[in-house]
Amino acid sequence: MKLLIRNGRIICPASGLDGVGDLLIEDGRIAGSGQDLSAPGADVIDATGLVVAPGFIDIHVHLREPGFEHAETIATGSRAAAAGGFTTVCCMPNTRPVNDSGMVTTYILETASRVSPIRVCPIGAITKGSEGEELASIGTMAAAGAVAISDDGRPVMNSRVMRRAMEVAREVGIPVIDHCEDLNLTAGGDMHECVDSVNLGLRPIPSAAEDVMVARDIILAEMTGVRFHVAHISTKNSVAMVAYAKQRGLPVTSEVTPHHIALHTGHMKPYDSNYKMKPPLRCATDIDAILGGIASGAIDCIATDHAPHAGDDKFQEFEKCPFGITGLETALGISLEVLVHSGRISLPKMIAMLTSEPARVIGWKGEQARGALKPGYLGDVTIFHPEYPWTFDVTKSQSKSRNSPFSGRTFQGGPIITIVGGTEVWRAQGY
Amino acid sequence: MGKSLLGIEPLERAEIEQMLDRARAYQFHGGGPQPKLTLCAGRLVVTLFFENSTRTRSSFEIAAKRLGADTLSITASGSSVSKGETLVDTLNTLVAMHPAAIVMRHASSGAPHFLSRHMMTPIINAGDGTHEHPTQALLDARTILDRLGRLEGLRVAIIGDIAHSRVARSNVHLLSKFGADIVLCGPPPLLPPQMAVIAPGVTLEYDIRKAVKDADVVMMLRVQLERIHEPAIQAGEYFRFYGLRLGHLELARAHAIVMHPGPINRGREISSEVADSQRSMILSQVENGVAVRMAVLEKVLLQ
């Protein structure tokens, strides 16, 4: 089985590659790249005018299966991922039952192996039932294939429990990912605390709710030596604290979602639940700090926090609507628009944030190595157009859910072909 | 179909003036039975209250009846809402009965705004969560105008649980549009600093004596000290620092009036001496409630 991708602009930030050439995938793995490669018998893709990048990796998605199949399934969520150019996604454990055991981890992996065109890597819970009290079976989940632990959405409030979980995770060798939110400061809030939340009479989520937990977790990470990753960073203070932790050499990393760089509270349509997520959309000054953090390296990667919700659940009183929006299919378009076309960062840097950097956060090694176009790495490739205009129509989304504020938005550049293990799994219409 | 009345904030000053003028025509002038008008005959007004209310709901019903409209009153307890029906389904069911308007109170901020995006029937917001209560602000303005003759340049102190008050927000927006100086006052946990910038002309005070100093209007808000989401404030502590007493009124202008949207908590945010004093406009406010709501219904139903 050979696949030859010809004449594309091959960009692999991890190996410093950026030039027009051919890329060969053989037996599911990257074989090599170069000029005018010959590969008799290979399938050929002509990538003229397109960018050929390592397969995108999203380390923060919600696939909703098991338990919430009315909103998304492993099959539909991974198809949306493929359509967005992602070849690996890491799914959060807030399913029903919660992925807090080797059994659920195995269920997800086995289901994905049957129905998913892309690679699905489960993230296990930190605590049993994500209830913040007893530790989940961290070692067992890791042995079954969990790549990290997180109580995403129901963060561990008890600092001692977090400390113990970090100690276990360090020994197991997986990172702890925290949705940093002090639930007592949030107190059931629905929107970032600002003039608009006050004027609209919505209960506030102060930036401090994130900041104090980022501070706590960095302190505990230093104490325990675990690799600690801040999920969906959204405030200027958090960015500053992560930068400080990195400066001190701590193994701390962070991610940002596309919506937190594209939107702030001023973009919200009042009481429209497609603008309701956690962390909430923040202020323009937070976006500035985040963009600064991206440029400086305080923020390592882009992750979507793809959070599908069934239409009925999002179609009610604002305070009753669940948090979250879908994001897999719009991630590349937004990243190009906000980061690259604006001139803030280079195209290779953006690609790194979607490939080698998330791979480093998780730490895939050996046979599992991915995120670069190096020989022997998984043969996962994302081919995209860096400029062509297209308009996102949420009604045509591959996801089962429709909760996106970006429907109708036109982007410059988007995914064209997604390749997993040397096999084409998705191709844009018209190509 | 008429236009919804969802809040004061999006209204033009002229629209507000027009409603306040019409309300004057509908004020009670004593003596004998009130004539029943036929202006809105054959139109159905549904009042749909998901939160308890006596004065607002009865005020709307009386207003609708005086205009000759039919009324149907629905409260959340005993309705299909308590059987798990969604808000949208409840409204769609009512809309199928072809009301000319739905008067709605709901505990969630923005609930009527969300609904009005998805249905044609005009909605009159009778209070949404901690957001707006537009007819309260209109009747307050009518009351101030009756007594003081103007809004522009007046110093209006609004005192109490500003953070959770839809009355405060609607009044701030209305008074601001008319060029009043608005002083908001309350304990820091109940007075978010961002309130100072939701509209022009607002200042914040955390000392009640400074707030009432030279005030033309002192508007007290009902205080619920036990809120689910916030730590409780001791009642004695509250009254000591933020309860309005006769002594405070000596700091205000000689003609100053005291208002309260009701229901009042005597000895909590207002002393009985103040509540029952000549300065108290509490019952005038209730009376103006009917006149203002007639003007609002007329506008929404006949526009």
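These figures come from a predicted structure and were not determined experimentally.

1. Description of the environment of Ile416 of chain A
Residue and element names in this part refer to chain A.
- Relative to the elements of secondary structure, Ile416 occurs in strand β16 (residues 410-420).
- The exposure class assigned to Ile416 is buried, which follows from the 23 C-beta atoms found within 10 Å.
- As a C-alpha pair, Ile416 and Phe384 span 32 residues in sequence and 4.8 Å in three-dimensional space.
- Residue contacts for Ile416: discarding those within four places in its chain leaves Leu50, Ile383, Phe384, His385, Arg427, Ala428 and Tyr431.

2. Thoughts on helix α3 (residues 87-95) of chain B
Residues and elements named next belong to chain B.
- Among all positions of α3, only Leu87, Leu91 and Leu94 are buried. Within α3, the buried residues cover an arc of 60 degrees as seen down the axis, which keeps them to one side.
- For α3, the elements touching its buried residues are β1 (44-49), β3 (101-106) and α4 (111-116).

3. Concerning the sheet that holds strand β2 (residues 70-75) of chain B
Residues and elements named next belong to chain B.
- One open sheet holds the 4 strands; their spatial order is β2-β1-β3-β4, and the pairing between them is parallel. Edge positions in the open sheet fall to β2 and β4 (123-128), since each of these has one partner strand only. Between one strand axis and the next, the sheet turns through 10 degrees on average, direction left out of account.
- For β1 and β2, the ladder comprises 6 bridges, and the chain directions are parallel. Counted as the bridge partner of Val46 is Leu72 from β2.
- Each of β1, β3 and β4 is contacted by helix α11 (residues 282-302), which is oriented at about 130 degrees to β3, the strand it contacts most.

4. Re the domain arrangement of chain B
Residues and elements named next belong to chain B.
- Assigned domains of chain B: these are domain 1 (13-132 + 286-302) and domain 2 (134-281).
- One C-alpha centre belongs to domain 1, the other to domain 2; they are set 25 Å apart.
- Contact with domain 1, which involves 20 residues of that partner, is made by 17 residues of domain 2.
- Of all the secondary structure elements, the ones that give two or more residues to the side of domain 1 that touches domain 2 are α1 (13-25), β4 and α11.
- For the side of domain 1 that touches domain 2, the element with the highest residue contribution is α11, accounting for 6 residues.
- Of the residues assigned to the side of domain 1 that touches domain 2, the class counts are 8 nonpolar, 7 polar and 5 charged.

5. Notes on the domain arrangement of chain A
All names here are of chain A.
- Looking at chain A, the domain boundaries give domain 1 (2-52 + 378-427) and domain 2 (55-368).
- One C-alpha centre belongs to domain 1, the other to domain 2; they are set 25 Å apart.
- If you look at the interface, domain 1 gives 30 residues, while domain 2 gives 42 residues.
- Secondary-structure elements contributing two or more residues to the side of domain 1 that touches domain 2 are β15 (381-391), β16 and β17 (423-427).
- A total of 8 residues in the side of domain 1 that touches domain 2 trace back to one element, the largest contributor, which is β16.

6. Some remarks on the interface of chain A and chain B
- In this complex, chain A contributes 18 residues to the contact, which on the side of chain B involves 20 residues.
- Among the residues making up the side of chain A that touches chain B, the classes are represented as 10 nonpolar, 4 polar and 4 charged.

7. Details of the pairing of strand β13 (residues 252-256) of chain A
All names here are of chain A.
- For β13, the tally of buried residues reaches 5 of 5 residues, placing the bulk of the element in the interior.
- Two strands pair when backbone bridges link them, and strand β12 (residues 228-230) and β13 are joined in this way by 3 bridges, in the parallel orientation. Across the sheet, residue Val230 finds its bridge partner in β13, namely Ser254.
- At this point the chain moves from β12, through helix α8 (residues 236-247), to the parallel β13, and the crossover so formed is right-handed.

Conventions used here
- Residues numbered from 1 in each chain as written.
- Chains lettered and ligands numbered in written order.
- Predicted model: local features only at pLDDT ≥ 70, side-chain atom pairs only at ≥ 80, totals over all residues.
- Helix = DSSP H or I, 4+ residues; strand = E, 2+ residues; numbered from the N terminus.
- Buried ≥ 20, exposed ≤ 12 C-beta atoms within 10 Å, placed from the backbone.
- Contact = placed C-beta atoms within 7 Å.
- Arc of directions from axis to C-beta.
- Pairing = 2+ DSSP bridges.
- Axes fitted to C-alpha atoms, helices over the stretch in contact; angles between N-to-C directions.
- Domains from an automatic or database assignment.
- Nonpolar A, V, L, I, M, F, W, Y, C, P; charged D, E, K, R; others polar.
- Right-handed = clockwise from strand over helix to strand, strands pointing away.

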